[in-house]
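# Chains, contacts and geometry: an overview
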Amino acid sequence: MLTITKTGFEDNGDYTSTFYSVEGTVALAGDSIWGDTAGRVVTVRGITLTEEVYDDDDTAYIHVTVQHDSTWDIYTDSGFTKAISEALQMDIDFTEQGMQDDGLASMEVYS
């Protein structure tokens, strides 16, 4: 289980960023299509939500950056997605594969 604490907020005019420190680990489901994640446990250190509202139709896009201690191949693991979604109480999913990095998961609010 992950425990998150809001640590900051920044309004840059075109977008806002909310910063969270995180304590806890995620037991991966083992179903990543990119690597063997079975039995792996990932420590999550921080989450940043960056929200941009588009003026033309008032829709918002929220990018979620997750700092962790694992490799990029946790991409598509449903256990990771579920844990981040539950911690933020939002429906979160990964962005594209090319945006993943060791120690940093690129995700977004999925609606």
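The rules behind each value
- Residues numbered from 1 in each chain as written.
- Predicted model: local features only at pLDDT ≥ 70, side-chain atom pairs only at ≥ 80, totals over all residues.
- Heavy atoms only, no water.
- Helix = DSSP H or I, 4+ residues; strand = E, 2+ residues; numbered from the N terminus.
- Buried < 20%, exposed > 50% of the residue type's maximum accessible area, 1.4 Å probe, protein only.
- Contact = heavy atoms within 4.5 Å.
- Pairing = 2+ DSSP bridges.
- Axes fitted to C-alpha atoms, helices over the stretch in contact; angles between N-to-C directions.
- Salt bridge = Lys/Arg side-chain N within 4 Å of Asp/Glu carboxyl O.
- Phe/Tyr/Trp six-rings, centres within 6.5 Å; stacked < 30°, edge-to-face > 60°.

Attention shifts here to the side chain of Thr81. Assignment of secondary structure puts Thr81 in helix α1 (residues 78-88). Taking relative accessible area as the criterion, Thr81 reaches 12% and is therefore assigned buried. Excluding residues within four positions of it along the chain, Thr81 makes contact with Ile92, Asp93, Phe94 and Met107.

A separate point is the sheet that holds strand β3 (residues 41-54). Across the sheet, six strands lie side by side as β1-β2-β3-β4-β6-β5; this open sheet has antiparallel pairing. Looking at strand neighbours, the two that pair on one side only are β1 (2-11) and β5 (92-94), the edges of this open sheet. Put simply, the sheet's adjacent strands are angled 25° from each other on average, direction ignored. Two elements, strand β4 (residues 59-68) and strand β6 (residues 104-109), share five bridges in a ladder whose sense is antiparallel. Residue pairing across strands places Thr65 opposite Ser106, the latter belonging to β6. Running at roughly 145° to β5, α1 makes contact with β1, β2 (15-27), β3, β4, β5 and β6 of the sheet.

Moving on, we come to the pattern of salt bridges. Tallying each qualifying case throughout the model produces two salt bridges. Between Asp73 and Arg40 there is a salt bridge; the shortest N-O distance is 3.2 Å. Separated by 33 residues along the polypeptide, Asp73 in the loop between β4 and α1 and Arg40 in the loop between β2 and β3 bring together distant segments of the chain.

On to the packing of aromatic side chains, then. Inspection of the entire model under this criterion finds four aromatic pairs. Summarising the aromatic geometry, the rings of Trp34 and Trp72 are spaced 5.6 Å apart at their centres and angled 55° between planes, so their arrangement reads as tilted. On the criterion of sequence distance, the pair formed by Trp34 in the loop between β2 and β3 and Trp72 in the loop between β4 and α1 is long-range, its members being 38 residues apart. The interplanar angle of 20° and the centroid separation of 5.9 Å between the aromatic rings of Phe80 and Phe94 together place this pair among those described as stacked. Here Phe80, found in helix α1, pairs with Phe94, found in strand β5; they are 14 residues apart in sequence, far enough to count as distant. With a relative accessible area of 7%, Phe94 lands in the buried category.

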